[in-house]
Amino acid sequence: MVRDRAAVLNARMRQDWNTPARFLWLRLARPLFSYLAASVAVAVVLVYGGLVLPAVLTRPDAGGWAQLGEASVSLIVFLTLLTLPIAALPTLAAVLAIRLTGAIRGWADTGSGAIVGAAIALWVLAQSPSEEWLGFLTLFAVAGAVGGFVYWSTGTRLARLDGLPA
C-alpha cells in the first residue's frame, strides 16, 4: 500500500513538472505566498510585541489599544514591506540549508526563523546600539520564530491541498 501511494505521488509529481502552470504554482508561487504570510506575521509580532503591548502595560488606563490600534495597521503594512527585502537572502539561505540537510521541517523552519530574526536584530544593533539590546534581540528572535512557523505551516497546508509532499 505504501508503495502504491509513493508511485501515485511520483507519477503526479512527474505530471506536474510537465505542466507549466502547475510548475509555477508548486515551485514559485506557493513559497512566495508562504514568505509573504511569514513577513506579515513577523510585522504583527513586532508591532504588537514591541509597541502596543508595552504601551498598554505601562499605561493601562490611557486607552493604548485604541490609540495604537489605529496606527498599527499602517505600521504592519510598513514593516511587512520592510521585512520582505531585508530578510529575503538570509531566509533563502536558511531554507536551502534545511532542504539540503533534510532537517525536520517544522522545527527547522521555526528555529531558523529565530536565528534569522536574531541576526537581523544584531545587524540593527550594530548600526545603532541600544541599552535594551536583550529585549530587542528577544523580540526579533520571537518574531522570526513566529515567521518561520507561519512559513512552514502555510507551505505545508498548501502542499496538502495539492495532494503533494511539502
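Heads up: the structure comes first, above all this text.
Notes on the structure follow. A quick note: this is a predicted structure, and the numbers were derived from the prediction, not measured.

Let us now look at the environment of Val150. Of note, Val150 is situated in helix H6 (residues 133–162). Sequence separation between Val150 and Tyr35 is 115 residues; the distance between their C-alpha atoms is 8.4 Å. With sequence-adjacent residues up to four places away left out, Val150 is seen in contact with Ala37, Ala38 and Ala41.

Along the chain, Thr91 turns up in helix H4 (residues 88–101). For Thr91, the side chain forms a polar contact with the main-chain oxygen of Ala87, separated by 2.6 Å. Setting aside its immediate chain neighbours within four residues, Thr91 contacts Tyr35 and Val116.

To continue, consider the environment of Leu122. Structurally, Leu122 is set in helix H5 (residues 105–127). Expressed as a C-alpha distance, the spacing of Leu122 and Leu137, which sit 15 residues apart in the sequence, is 7.0 Å.

Before going further, it helps to examine the packing of H4 against H5. One can describe the packing of H4 onto H5 by two numbers: an axis separation of 10 Å at closest approach and a directional angle of 150°. As summarised for this structure, H4 and H5 are arranged roughly antiparallel, according to the angle between their axes. For the pair H4 and H5, the sense of crossing is right-handed. Counting all contacts with H4, which are made through Pro90, Thr91, Ala94, Ile98 and Arg99, the residues of H5 involved are Arg105, Ala108, Asp109, Ser112 and Val116. Grouping the amino acids of the contact of H4 with H5 by side-chain chemistry returns 5 nonpolar, 2 polar and 3 charged.

Here the structure, examined in full by the defined rule, presents 2 aromatic pairs. An angle of 50° between the planes, with centres 5.6 Å apart, marks the rings of Phe149 and Trp152 as tilted. Placement of the pair is Phe149 and Trp152 together in helix H6, with a separation of 3 residues, close to one helical turn. For Phe149, a relative accessible area of 43% corresponds to the partly exposed category. Trp152 gets classed as partly exposed once you look at its relative accessible area, which sits at 22%.

Mapping Ser72 onto the fold places it in helix H3 (residues 64–86). Given the relative accessible area of 0%, Ser72 is considered buried. At 3.0 Å, the side chain of Ser72 and the side chain of Tyr48 are in polar contact. Non-local contacts of Ser72, meaning those with residues more than four positions away in its chain, are made with Val47 and Tyr48.

What counts and what doesn't
- Residues numbered from 1 in each chain as written.
- Predicted model: local features only at pLDDT ≥ 70, side-chain atom pairs only at ≥ 80, totals over all residues.
- Heavy atoms only, no water.
- Helix = DSSP H or I, 4+ residues; strand = E, 2+ residues; numbered from the N terminus.
- Contact = heavy atoms within 4.5 Å.
- Polar contact = N/O pair within 3.5 Å; in protein donor to acceptor, adjacent residues only side chain to side chain.
- Axes fitted to C-alpha atoms, helices over the stretch in contact; angles between N-to-C directions.
- Parallel < 35°, antiparallel > 145°, perpendicular 65-115°, else oblique.
- Left-handed = near helix turned anticlockwise from the far one by under 90°.
- Nonpolar A, V, L, I, M, F, W, Y, C, P; charged D, E, K, R; others polar.
- Phe/Tyr/Trp six-rings, centres within 6.5 Å; stacked < 30°, edge-to-face > 60°.
- Buried < 20%, exposed > 50% of the residue type's maximum accessible area, 1.4 Å probe, protein only.

Interpretation note: all reported values are geometric properties and have no functional meaning in isolation.
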